[in-house]
Amino acid sequence: MKKVAYLFIIVLFGTSACASSEKLLEKGRYDQAIEKAAKKLRKNPNDSDELYVLQEAYGQANTFDKERIDFLEAENRDENWLEIYFLYSQLEQRQDVIRSLPTSVRSQFTLVDYDDEIIHSKGSAAEAMYQQGMEYLDRGDRQSARLAYREFQEVKNIYTDYKDVNQRLEEAQYLGTNFVLLRIENNSDKVLPEDFDTELRKIGLGDLNSQWLQYETYPDSSIYYDYNIVLDIQEIAVSPEQVETRKYTERKEIQDGMKYVLDENGNVKKDSEGNDIREPNMVTVSADVTESIQRKSALVGGSIDYIDLQTNQLVKTEKLSVEAVFEHFSALASGNEEALSAETRKKIGSRPAPFPSNEAMLMDAALKLKDHAKSIIYRNRDLLAN
C-alpha cells in the first residue's frame, strides 16, 4: 500500500538527459523540471526562462503535495502518516534545491519551516507501523509474522532505533521462517560405514537458505521445526569383485624403409632426370593383446520424503538412486608394439589394481548421493516456502 507507492522518493530529483526543463514542466514532471532548471540557474542566475520554469514547477509540485496532505489529514487514518511524512520530506527536499541556488535566485522564493510537521508525521508514521506490526505478531501465524516484519522494517527505515524495533524484527523473522531439518534413516538391512552419515550431512544446504526458509542438517533443541526432509535409505548393494579377460589382435600398416618402383617388365623406373624412383615400403604389423577389466559397484537407493510436522503428513516423496563404480583396465601385449593404438598403450602401462573395500565403495556412493539429494531439495525448495 503506502510503501510501494513511495519508492519514487528515492529518485525524487532524478533528471532527464533528453527533455528540456520546459518540456518536463509541460509534461507535469515537476521535480525533474525543478532539478534541471536549478542546474542551469547555478551556472547562469540571470536566465529568466529557467527561473520561470523553476517558479512554475516549484509552485505546482508544492500545491499538489499540500493538497494531498490536507486530504490525508482530513481522512484521519493511521496508515496515512507514512505518506504524509514522505510528502513533507518532499516539500523540504525541494526547498533544499532552492537553498543551493545563488542569492539572486533564492530571494525569489519564500521558504517554510517544515521541521515540526516532519518530526510529528515521522513519529506518527513510526508508531502507526509499529502498532500494526504488533497486531500482526499477536495473530501468531507465519504469514502475519512476515507482514509484521515488513512493518517493523519500515519503522527501522525511518527510525533505526525506534523503541524495541530490532528485537521485534528478530521475533518476526523467527516466527515467519520455515525451519527444515534433514534426517537420515537407514531402513535397509545393511550396515553403513561409520562415516556415511557424517558425509551426507556435509550436503551444504546453507546456500539454499532464503529469508523465510532455513535448512538444518543437525537438530537444534532451541528450534521448533516445521518440516522434516527424510533421506530414507532403503537399498544398499555391493557387487562382487569381477575380473573379465579378453584377447584381441591389433594391426597397423607402417613404413618399413623404401622400395624401388618397378615397371611392368620388372625394371626400376626412372624419373625425368634419370634417377631411380623409390616409394615408402608399407607393411602390416600386429600385436596380440590380453586385456583385464576389473569391476565393482555399490548401489544406494531410497527416497526423499517431505513431512509437514504441524500435520504430520507426507507432503511429497521422490525416489533417488546412485551407483558408485570402480573400473580398472590393464593389459599385456606380445608382437610388434607399433601395432598398438594409443588407448591400448595406456592399458599396457597399467597393472592390475587392488579392489576397493566395500566401505570405500559405499563412501564413494555417499558423495554421489549427497549431490543428487541436494539437487532434489533445491528443485523442491518452493514447496516449503509458504
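Everything discussed here concerns the structure shown above.
Below: a short report on this structure. Predicted model, so just to flag it, every value in this text is computed and none were measured. (Residues numbered from 1 in each chain as written. Predicted model: local features only at pLDDT ≥ 70, side-chain atom pairs only at ≥ 80, totals over all residues. Heavy atoms only, no water.)

## Looking at the overall build of the protein chain
Assigned secondary structure in the protein chain consists of eleven helices and six strands. By the compact-globule yardstick of 21 Å for 386 residues, the protein chain is too spread out, its C-alpha radius of gyration being 40 Å. Out of the 386 residues in the protein chain, the part that is buried amounts to 41%. Sequence separation of at least 24 residues holds for 72% of the intrachain contacts in the protein chain that already meet a minimum separation of 6. When the accessible area of the protein chain is evaluated, it comes to approximately 22100 Å², of which 47% is carbon and sulfur surface. In the protein chain, which carries 49 positive and 69 negative side-chain charges, the distance between the mean positions of the two groups comes to 4 Å. (Helix = DSSP H or I, 4+ residues; strand = E, 2+ residues; numbered from the N terminus. Rg over C-alpha atoms; globule rule 2.2 N^0.38 Å. Buried < 20%, exposed > 50% of the residue type's maximum accessible area, 1.4 Å probe, protein only. Contact = heavy atoms within 4.5 Å. Areas by Shrake-Rupley, 256 points an atom, 1.4 Å probe, with all protein chains shown as cover. Lys, Arg positive; Asp, Glu negative; His and termini not counted. Charge placed at Lys NZ, Arg CZ, Asp CG, Glu CD.)

## Observations regarding the packing of helix H6 (residues 115-139) against helix H8 (residues 165-176)
H8 packs onto H6 with a crossing angle of 35° between their chain directions and a minimal axis gap of 11 Å. Read as a crossing pair, H6 and H8 show a hand that is left-handed. Contacts between H6 and H8 pair Tyr130, Met134 and Leu137 from the former with Arg168, Glu171, Ala172 and Leu175 from the latter. Of the residues contributing to the contact of H6 with H8, the split by class is five nonpolar, no polar and two charged. (Axes fitted to C-alpha atoms, helices over the stretch in contact; angles between N-to-C directions. Left-handed = near helix turned anticlockwise from the far one by under 90°. Nonpolar A, V, L, I, M, F, W, Y, C, P; charged D, E, K, R; others polar.)

## Quick notes on the side chain of asparagine 62
By secondary structure assignment, the location of asparagine 62 is in helix H3 (residues 48-75). The buried category is assigned to asparagine 62, whose relative accessible area is 7%. Separated by 2.9 Å, the side chains of asparagine 62 and arginine 94 make a polar contact. (Polar contact = N/O pair within 3.5 Å; in protein donor to acceptor, adjacent residues only side chain to side chain.)

## Re the packing of aromatic side chains
Applying the stated rule across the entire model yields nine aromatic pairs. Considering the side-chain rings of tyrosine 58 and phenylalanine 109, the 5.3 Å spacing of their centres and the 80° angle between planes classify their relative orientation as edge-to-face. Highlighted residues: tyrosine 58 in helix H3 and phenylalanine 109 in the loop between helix H5 (103-106) and H6, separated in sequence by 51 residues. A single burial state applies to tyrosine 58 and to phenylalanine 109, both of which are buried. (Phe/Tyr/Trp six-rings, centres within 6.5 Å; stacked < 30°, edge-to-face > 60°.)

## What to know about the side chain of aspartate 308
Inspection of the secondary structure puts aspartate 308 in strand S5 (residues 278-308). It turns out aspartate 308 is buried and unbridged, and the closest side chain with the opposite charge, arginine 142, is 6.7 Å from it. A distance of 2.9 Å separates a polar atom in the side chain of aspartate 308 from the backbone nitrogen of glutamine 310. Not counting residues up to four positions away in its chain, the partners in contact with aspartate 308 are Asp226, Tyr227, Gln313 and Val315. (Salt bridge = Lys/Arg side-chain N within 4 Å of Asp/Glu carboxyl O.)

## Topic: the packing of H6 against helix H7 (residues 142-158)
Two numbers describe how H6 lies on H7: the axes approach to 8 Å, and their chain directions differ by 160°. If you check the angle between H6 and H7, you find them roughly antiparallel. You can see that H6 and H7 cross each other, and the crossing is left-handed. Every residue of H7 that contacts H6 at Lys122, Ala125, Ala126, Met129, Tyr130, Gln132, Gly133, Met134, Tyr136, Leu137 and Arg139 is listed here: Ser144, Leu147, Ala148, Glu151, Phe152, Glu154, Val155 and Ile158. Residue composition of the contact of H6 with H7, by class: twelve nonpolar, three polar and four charged. (Parallel < 35°, antiparallel > 145°, perpendicular 65-115°, else oblique.)

## Let's talk about the environment of asparagine 312
Among the structural elements, asparagine 312 can be located in the loop between S5 and strand S6 (313-335). The spacing of asparagine 312 and glutamine 55 is 257 residues in sequence and 68 Å in space, taken between C-alpha atoms.

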